[in-house]
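Structural overview
In case you want the letters, here they are:
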Amino acid sequence: MSLGLAIFTIFHVLLSLIGILAGFAVVYGLLTANRLDGWTKIFLWTTVLTSATGYLFPFHKVLPSHIVGVVSLVVLVLCIYARYGRKLAGGWNRTYAITAVTALYLNVFVLVAQLFQMVPALRAFAPTQTEGPFLIAQTLVLLAFVVIGILAATRFRQQQLRPA
């Protein structure tokens, strides 16, 4: 790996980790009916940049990460439109909550996949990422985000929104 690619990889990973951390702050805001505007901007910007910069790595065929990136960008466009274009009016607050949680889930999904690929102890359990430990981990992450998404959409919609 060239020095330039190594630096770019670090930049991409940092964007992703910042997006995930900010995303959890945003989800906390959704669960407590607080917009958390600053965290939201950080989450959305870093998550969009994470998805976009993923396409700048050299590749020779379409990979699962590219498909997740497309899905993430589509979800983020809808999320940004609901939050800033429609200003959370009417049902758009529920759309925002669902798409924000979905965007965070997609980042965490990729994080888990990367952990199983890069951490030797995890890789030993699932070298091809088709083995039980990997599938169990991803299923638990999915179930957790489904519950979080339902709670966030319900609580963010039912409460009177408070700017933070």
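Calculation rules
Residues numbered from 1 in each chain as written. Predicted model: local features only at pLDDT ≥ 70, side-chain atom pairs only at ≥ 80, totals over all residues. Heavy atoms only, no water. Helix = DSSP H or I, 4+ residues; strand = E, 2+ residues; numbered from the N terminus. Contact = heavy atoms within 4.5 Å. Expected span 1.5 Å × (residues − 1). Buried < 20%, exposed > 50% of the residue type's maximum accessible area, 1.4 Å probe, protein only. 1 Å grid on protein atoms, 1.4 Å probe; cavity = no way out; pocket = protein on both sides within 12 Å on 5 of 7 lines; lining within 4 Å. Points joined across faces, edges and corners; volume = space filled by probe spheres on them. Nonpolar A, V, L, I, M, F, W, Y, C, P; charged D, E, K, R; others polar. Core = buried A, V, L, I, M, F, W, Y, C linked by side-chain atoms within 4.5 Å. Salt bridge = Lys/Arg side-chain N within 4 Å of Asp/Glu carboxyl O.

Before going further, it helps to examine the side chain of Thr-47. Topologically, Thr-47 is positioned in helix α2 (residues 37–53). If we ignore the near neighbours within four places in the chain, the residues touching Thr-47 are Gly-19, Ser-72, Leu-76, Ala-103 and Asn-107.

Take α2 next. When the terminal C-alpha atoms of α2 are compared, their 24 Å separation across 17 residues agrees well with the 24 Å that a helix rising 1.5 Å per residue should span. Among the residues making up α2, those that are buried are Thr-40, Phe-43, Leu-44, Thr-46, Thr-47, Thr-50, Ser-51 and Thr-53. Those residues of α2 that are buried lie in contact with α1 (3–31), α3 (64–85) and α4 (92–118).

Next up on the list: the layout of surface pockets. Considering only enclosed or pocket space, the largest pocket measures out at about 1200 Å³ in volume. At the level of secondary structure, the elements contributing two or more residues to the lining of the largest pocket comprise α1, α2, α3 and α4. Top element by residues in the lining of the largest pocket is α4. It accounts for 11 residues. Residue classes in the lining of the largest pocket are distributed as 22 nonpolar, 15 polar and 1 charged.

Turning our attention to the nonpolar core. Core analysis: the biggest nonpolar cluster contains 33 residues, and Leu-30, Phe-43, Tyr-96, Leu-104, Val-108 and Phe-145 have the highest contact counts within it. Listed by contribution, the elements that provide at least two residues to this core are α1, α2, α3, α4 and α6 (132–158). The dominant element in this core, judged by the number of residues it contributes, is α4, at 12 residues.

Let us now look at the pattern of salt bridges. When the charged atoms of two side chains lie near each other, side chains of opposite charge can form a pair. Per the stated rule, a full pass over the model turns up 2 salt bridges. A salt bridge links Asp-37 to Arg-35; the shortest N-O distance between them is 3.3 Å. The salt bridge partner of Arg-83 is Asp-37, with a shortest N-O separation of 2.7 Å. Here Asp-37 lies in helix α2 and Arg-83 lies in helix α3, a separation of 46 residues in the sequence. Judged by its relative accessible area of 10%, Arg-83 is buried. Here the residues in one salt-bridge network are Arg-35, Asp-37 and Arg-83, joined through shared partners.

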